[in-house]
Amino acid sequence: MTATAGETTPQVRRPRVRLGALGPVLALVLLMILGTALNGSFLSLGNLSNIVARSSFIGLIAIGATFVITSGGLDLSVGSMAAFSAGMMIIIINGAVPSLGTGWTVVGLGIVAGLAIGSVAGAANGFLVTAGRIEPFIVTLGTLGIFRALITFLANGGTLNLNMAAADTYSPLYSGKIFDIPVPIIIFAVVAIVAEIVLRRTTFGRHIAAIGSNEQVARYSAIKVDRVRLMTYVLQGFLVGGAAVLYVPKFGSANSSTAVLWELQAIAAVIIGGTMLKGGFGRIWGTVVGVIILELIGNILNLQSLISPYLNQAFQGAIIVVAVLLQRGRKMAN
Amino acid sequence: MSNTNGAAGLPVLSANRISKSFGEIPVLFSIDFDVRAGEVHAIIGENGAGKSTLMKILSGFEQPTSGTITYDGKTVRLPPNGEAETLGIVLIHQELNLAEHLRVVDSIFLGREISRGGLMDVRQMHEKAQALLDTLHVRIDPNARIGTLSVAEKQMVEIAKAISRDARVLIMDEPTAVLSMDETQTLFEQIQRLTQRGVAIVFISHKLDEVMRLSDRVTVLRDGQLIATVAASVLTPDTAAQMMVGRELSNLYPPKHEPDVDAPLVLSVKHLQAAGVDDISFDLRKGEILGFAGLVGSGRTAVAEAVVGLTHRYTGEIEVRGQPVHFAGVAQSVATGLAYMTKDRKGKGLLTNMGLRPNLTLLTLTRHLKGIFLDTASETRALERAVRRFDIRARDPSVRAGQLSGGNQQKLMLGKTMESEPEIVIMDEPTRGIDVGTKQQIYHIIAALAAEGKSIVLVSSELQEVIGLSHRVIVMRLGRIVGELEGDQITEEQIVRHQMGIEGRAAA
């Protein structure tokens, strides 16, 4: 406005405390208070580290989803894709045991295969979205069905079990500890930190936000829109593979009900964290807080007897809707 | 236009000592304004002068902080969100509010569908829509989808819609900004018909000649203050501009330096064919400003976008500094020193919900890297430089680009384009919808760039601007070049004759 047009010199930016930015943290604190009220041992180190470790699968997937959603995309296939990747890993490891034994060589092969399969599956989604010019909602709804059918087919309607000896070699990746910190927590933390840096401090991250904000502007600003979009889906696939890499040592098996509705949990975590569903703005730390919030809710439901824990996913569904409502309210207030 | 209704003295709608603040920022100071039946009352002023806010208050979209609104002699509180339409006060937004997928008839009766026995009476709505369009003398099929109409036709649909609601006050926000001369003429005829029926028109425009021609009275706002309300007949473009800016604008256009006819060719386009582009050939010399005139839709933007590789080129050659080039996208053209600045600020130019810094550096992000990481300090320095160089005025540096006034958005976009240090810049409508003070600044920047040895293609629908800045002017019509004017030939009359097809190569 002209009335203030005189103030042109850029000044040091005042850090503004916004409720919107701190909302997720506030919710986290409230849940912790609630949990402690229900059970005195809730805040014990053991329980908390257990919660974070269990949230690491969804955590990795939700970090990938943050990239996809920030760019204005969506990936509904992540749950099925995780189950498919886990199943393929088990088949590959079991198949390699006779020739390569049950040591880390075989497990390493499985891990590489899991990450590669996830990346390729993500690339397929990304390719259909960019080159095929199909709505991401439709593409990933389709691949959701395809991956789910493939895991059922591979398991022949039953369950794929990991070779016991290989499972013994592999299991420390989930249950082990380094400096007393569970390995999955370390992996989750490292991935989150790297992802936050990528999103905030690299041209790739800036381009993702630009595309999510306005694809036309991005195209007119010399950004290779299709390539960046494709990369977000590949990254999502890679991190789904990562989730499978952590899942297999914990459960040692995969079947048609593996990772069902993980997409709901991952997308809910992203939205709770403050990433805009319509794209243009995303934050990884928010997603991490969102993932932990969802795990806390599940944990708290198990601690009390008033509400059935079977309603857990109803809470997650409701949270997505409420979070998006809040995002819209904030936008209108601006 | 003569005052068609001098006798009707009483105002239909008036604002009395209206003030408005957004938070702590005052934007209107005790404004008195009224419009009479059958009158066209124009509001002019620079961007940020408070015109849009005043209009929104007059139509109920905003409530005044203090002061009153009188409608039909009674003090009223207008209902929000366009509900004032039911009272007969209709605001036609600059970005027309029509759903692209609906048909014309559905749009006209949207929210007021005629029904019989619980079902919509399709036939009656169709007949009424046809009758409405007939009274406006426009040939639009009521069954056509809005998305298939031109901007001018959409505007006519908006007007038909307003009439169907028995509008007594019609408020139009820059209705001619995106219209060609023909379309503007049609719009003015409509406005005249409406005033003859006693409709009061409030009209915002940046085009002073239109304001003089169309309005009975003119109100000038500056910095939220009412400067004057005068009869249009006593106003000249100079006095109007002076009142808007508060200073004299004698040197709106900088002096032209002599073009150097021996300067090397920097851009050469030969027989270019692309969508909407038919056999275009032209040369551009170092330090030259080459104007592209023509009506809206004559293919000027299509030429620019085909040259920089935004759209597919069918055939033809393009040479930059003698080297044949074939750009597959903006990245390549920018790397060669050829930049294109779009005319669509909000749709294609700026990320309106992001800050100034990411907008400025978006095109040239790789220049702000430290290793593999973005160097935000270097970006901030770039923004500080651009703010000084292009006089970008923001409340504070953390505002989002969408919150800037149109003029400052344009300057930010200019800064973004110039960040790539291009040798050749294609500027598409660089002053569309911005105030005269900022226009003057941009004209001087363009001339200074040319004087530095940059070469500029200036695409503009404002003839004065093309004439005032260009060394040479190419006139386009229906995707083809129909004339090339130099020196003394560059006159308004010559350009108009060419662009209307009265004279020129393709006219035969």
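The name that an unreviewed UniProt entry assigns to chain B is Sugar ABC transporter ATP-binding protein, with the source organism given as Devosia nanyangense. The heading Sequence similarities (unreviewed entry) in the UniProt record of chain B holds the text "Belongs to the ABC transporter superfamily." Listed under Subcellular location (unreviewed entry) in UniProt, the entry text for chain B is "Cell membrane".

Looking at an unreviewed UniProt entry, chain A carries the name ABC transporter permease, with the source organism given as Devosia nanyangense. For chain A, the Subcellular location (unreviewed entry) comment in UniProt is given as "Cell membrane".

Quick look at the overall build of chain A now. The helix and strand inventory of chain A stands at 15 helices and 4 strands. For chain A, the C-alpha radius of gyration of 21 Å lies close to 20 Å, the compact-globule estimate for 334 residues. By its C-alpha atoms, chain A is 80 × 55 × 35 Å across when sized along the principal axes. Counted over contacts in chain A with a minimum sequence separation of 6, partners at least 24 positions apart contribute 79%. Carbon and sulfur atoms form 68% of the exposed surface of chain A, whose accessible area is close to 15200 Å². Considering chain A, the positive charge centre built from 21 side chains and the negative charge centre built from 10 side chains are found 9 Å apart.

This part covers the environment of Met476(B). Residues and elements named next belong to chain B. Looking at the element boundaries, Met476 is found in strand 23 (residues 472–477). In sequence terms Met476 and Ile201 are 275 residues apart; their C-alpha atoms lie 34 Å from each other. Residue contacts for Met476: discarding those within four places in its chain leaves Ile280, Phe292, Ala293, Gly294, Leu295, Ser298, Gly299, Arg300, Val303, Ile481, Val482 and Gln499.

Residue and element names in this part refer to chain B. What the domain assignment reports for chain B is domain 1 (11–245) and domain 2 (265–349 + 423–507). With centres defined by C-alpha atoms, the gap from domain 1 to domain 2 works out at 33 Å. Taken together, the 13 residues of domain 1 in the interface contact 12 residues of domain 2. Here domain 1 and domain 2 share an interface that buries about 1000 Å² over both sides, 63% of which is from carbon and sulfur atoms. Taken together, the connections running from domain 1 to domain 2 amount to 0 salt bridges. Elements represented by at least two residues in the side of domain 1 that touches domain 2 include exactly helix 5 (181–196) and helix 7 (237–245). In the side of domain 1 that touches domain 2, the residues fall into 6 nonpolar, 3 polar and 4 charged.

This part takes up the interface of chain A and chain B. Counting residues at the interface gives 32 residues for chain A and 44 residues for chain B. When chain A packs against chain B, close to 3200 Å² is buried across both sides, 60% of that on carbon and sulfur atoms. Our count for the contact surface shared by chain A and chain B stands at 1 salt bridge. Applying the counting criterion to the chain A and chain B interface returns 8 residue pairs in polar contact (both at pLDDT 80 or more). Secondary-structure elements contributing two or more residues to the side of chain A that touches chain B are helix 9 (183–201), helix 10 (203–213) and helix 11 (215–220) of chain A. The leading source of residues in the side of chain A that touches chain B is helix 10 of chain A, at 6 residues.

On to empty space enclosed by the protein. Here the structure, examined in full by the defined rule, presents 5 cavities of 30 Å³ or more. Estimated volume of the largest cavity: approximately 90 Å³. Lining the largest cavity are 13 residues, with Tyr220(A), Tyr340(B), Met341(B), Lys416(B) and Thr417(B) positioned closest to its centre. Elements that contribute at least two residues to the lining of the largest cavity include exactly helix 9 (330–335), strand 18 (338–341), helix 10 (345–349) and helix 13 (406–419) of chain B. In terms of residue count, the dominant contributor to the lining of the largest cavity is helix 13 of chain B (3 residues). The residue makeup of the lining of the largest cavity, split by class, is 7 nonpolar, 4 polar and 2 charged.

Let us look at the packing of aromatic side chains. Residue and element names in this part refer to chain A. In total, this model carries 12 aromatic pairs over all chains according to the counting rule given. Look at Phe57 and Tyr247: their rings are 5.7 Å apart centre to centre, the planes differ by 65°, and that puts the pair in the edge-to-face class. Residue Phe57 is located in helix 3 (residues 56–70), and its partner Tyr247 is located in helix 12 (residues 225–251); the two are separated by 190 residues in the primary sequence. Take Phe57 and Tyr247: they sit in the same class, and that class is buried.

Next up on the list: the nonpolar core. Counting 93 residues, the largest nonpolar core has Ile61(A), Ile63(A), Tyr170(A), Trp262(A) and Ile284(A) as the members making the most contacts within it. With sequence-adjacent residues up to four places away left out, Ile284(A) is seen in contact with Ile63(A), Thr66(A), Phe67(A), Ala192(A), Ala195(A), Glu196(A), Leu199(A) and Arg200(A). The next biggest cluster of nonpolar side chains, apart from the first, holds 55 residues, and it includes Ala129(B), Ile163(B), Phe203(B) and Met212(B).

Our next topic: the sheet that holds strand 14 (residues 277–285) of chain B. Residues and elements named next belong to chain B. Pairing is antiparallel in the open sheet, where 4 strands are placed in the order 14-13-16-17. Of all strands in the sheet, those with a lone pairing partner are strand 14 and strand 17 (323–325), marking the two edges. For this sheet, the mean angle separating the axes of adjacent strands, direction not counted, is 15°. Note that strand 13 (residues 265–274) and strand 14 share 6 bridges and pair antiparallel. When the bridges of strand 14 are listed, Val269 appears paired with Phe282.

Let us now look at the confidence of the model for chain A. Residues and elements named next belong to chain A. Averaged over all residues, the pLDDT of chain A is 87; the fraction at 70 or higher stands at 92%. The secondary-structure element of chain A with the lowest mean pLDDT is helix 15 (residues 312–333), recorded at 74, while helix 3 shows the highest, at 96. Long-range and interchain partners of residues 1–17, a stretch whose pLDDT sits below 50, account for 25 contacts in this model, where long-range means more than four residues apart.

Here the focus is the sheet that holds strand 23 of chain B. Residue and element names in this part refer to chain B. The strand order across the open sheet built from 6 strands is 18-21-22-15-23-24, with neighbouring strands paired in mixed fashion. Two strands in the sheet have a free side with no partner beyond their single neighbour: strand 18 and strand 24 (480–486). The average angle at which neighbouring strand axes cross in this sheet is 20°, direction not considered. Here 4 bridges tie strand 18 to strand 21 (residues 424–428), and the two strands are oriented parallel to one another. Note on strand 21: the bridge partner recorded for Tyr340 is Ile426. With respect to the sheet, helix 8 (residues 300–308) is in contact with strand 15 (289–294), strand 18, strand 21, strand 22 (455–459) and strand 23, its orientation differing from that of strand 18 by roughly 145°. Across the sheet, helix 16 (residues 492–499) lies against strand 15, strand 23 and strand 24, angled at about 25° from strand 23, the strand it touches most.

Let us look at helix 7 of chain B. All names here are of chain B. All of the buried residues along helix 7 are Ala240, Ala241, Met243, Met244 and Val245. Summarising the contacts, the buried residues of helix 7 are in contact with strand 3 (40–44), helix 6 (208–214), strand 11 (217–222), strand 12 (225–231) and helix 14 (436–451). Just downstream of helix 7, Gly246 is the residue with a positive phi angle, here 80°.

Within this structure, the stated rule accounts for 23 salt bridges over all chains. Of the charged contacts in the structure, one is a salt bridge between Lys270(B) and Glu319(B), with a shortest N-O distance of 3.6 Å. Within this pair, whereas Lys270(B) is found in strand 13, its partner Glu319(B) is found in strand 16 (residues 313–320), the two being separated by 49 residues in sequence. Here the salt bridges share partners, and the residues they tie into one network are Arg206(A), Arg357(B) and Glu379(B).

Moving on: the pairing of strand 13 of chain B. Successive residues of a regular strand alternate their side chains across the two faces of the sheet. Residue and element names in this part refer to chain B. Remark: 2 residues form the turn of the hairpin made by strand 13 and strand 14, two consecutive strands paired antiparallel; Gly276 in that turn has positive phi of roughly 80°. Judged from the 6 bridges that link them, strand 13 and strand 16 form a sheet pairing that is antiparallel. Looking across to strand 16, one finds that Ser268 is bridged to Glu319.

Conventions and cut-offs
Residues numbered from 1 in each chain as written. Chains lettered and ligands numbered in written order. Predicted model: local features only at pLDDT ≥ 70, side-chain atom pairs only at ≥ 80, totals over all residues. Heavy atoms only, no water. UniProt positions renumbered as here; feature names shortened; annotations may be inferred. Helix = DSSP H or I, 4+ residues; strand = E, 2+ residues; numbered from the N terminus. Rg over C-alpha atoms; globule rule 2.2 N^0.38 Å. Contact = heavy atoms within 4.5 Å. Areas by Shrake-Rupley, 256 points an atom, 1.4 Å probe, with all protein chains shown as cover. Lys, Arg positive; Asp, Glu negative; His and termini not counted. Charge placed at Lys NZ, Arg CZ, Asp CG, Glu CD. Domains from an automatic or database assignment. Buried area = accessible area lost by both parts, 1.4 Å probe. Salt bridge = Lys/Arg side-chain N within 4 Å of Asp/Glu carboxyl O. Nonpolar A, V, L, I, M, F, W, Y, C, P; charged D, E, K, R; others polar. Polar contact = N/O pair within 3.5 Å; in protein donor to acceptor, adjacent residues only side chain to side chain. 1 Å grid on protein atoms, 1.4 Å probe; cavity = no way out; pocket = protein on both sides within 12 Å on 5 of 7 lines; lining within 4 Å. Points joined across faces, edges and corners; volume = space filled by probe spheres on them. Phe/Tyr/Trp six-rings, centres within 6.5 Å; stacked < 30°, edge-to-face > 60°. Buried < 20%, exposed > 50% of the residue type's maximum accessible area, 1.4 Å probe, protein only. Core = buried A, V, L, I, M, F, W, Y, C linked by side-chain atoms within 4.5 Å. Pairing = 2+ DSSP bridges. Axes fitted to C-alpha atoms, helices over the stretch in contact; angles between N-to-C directions. pLDDT = per-residue confidence, 0-100.

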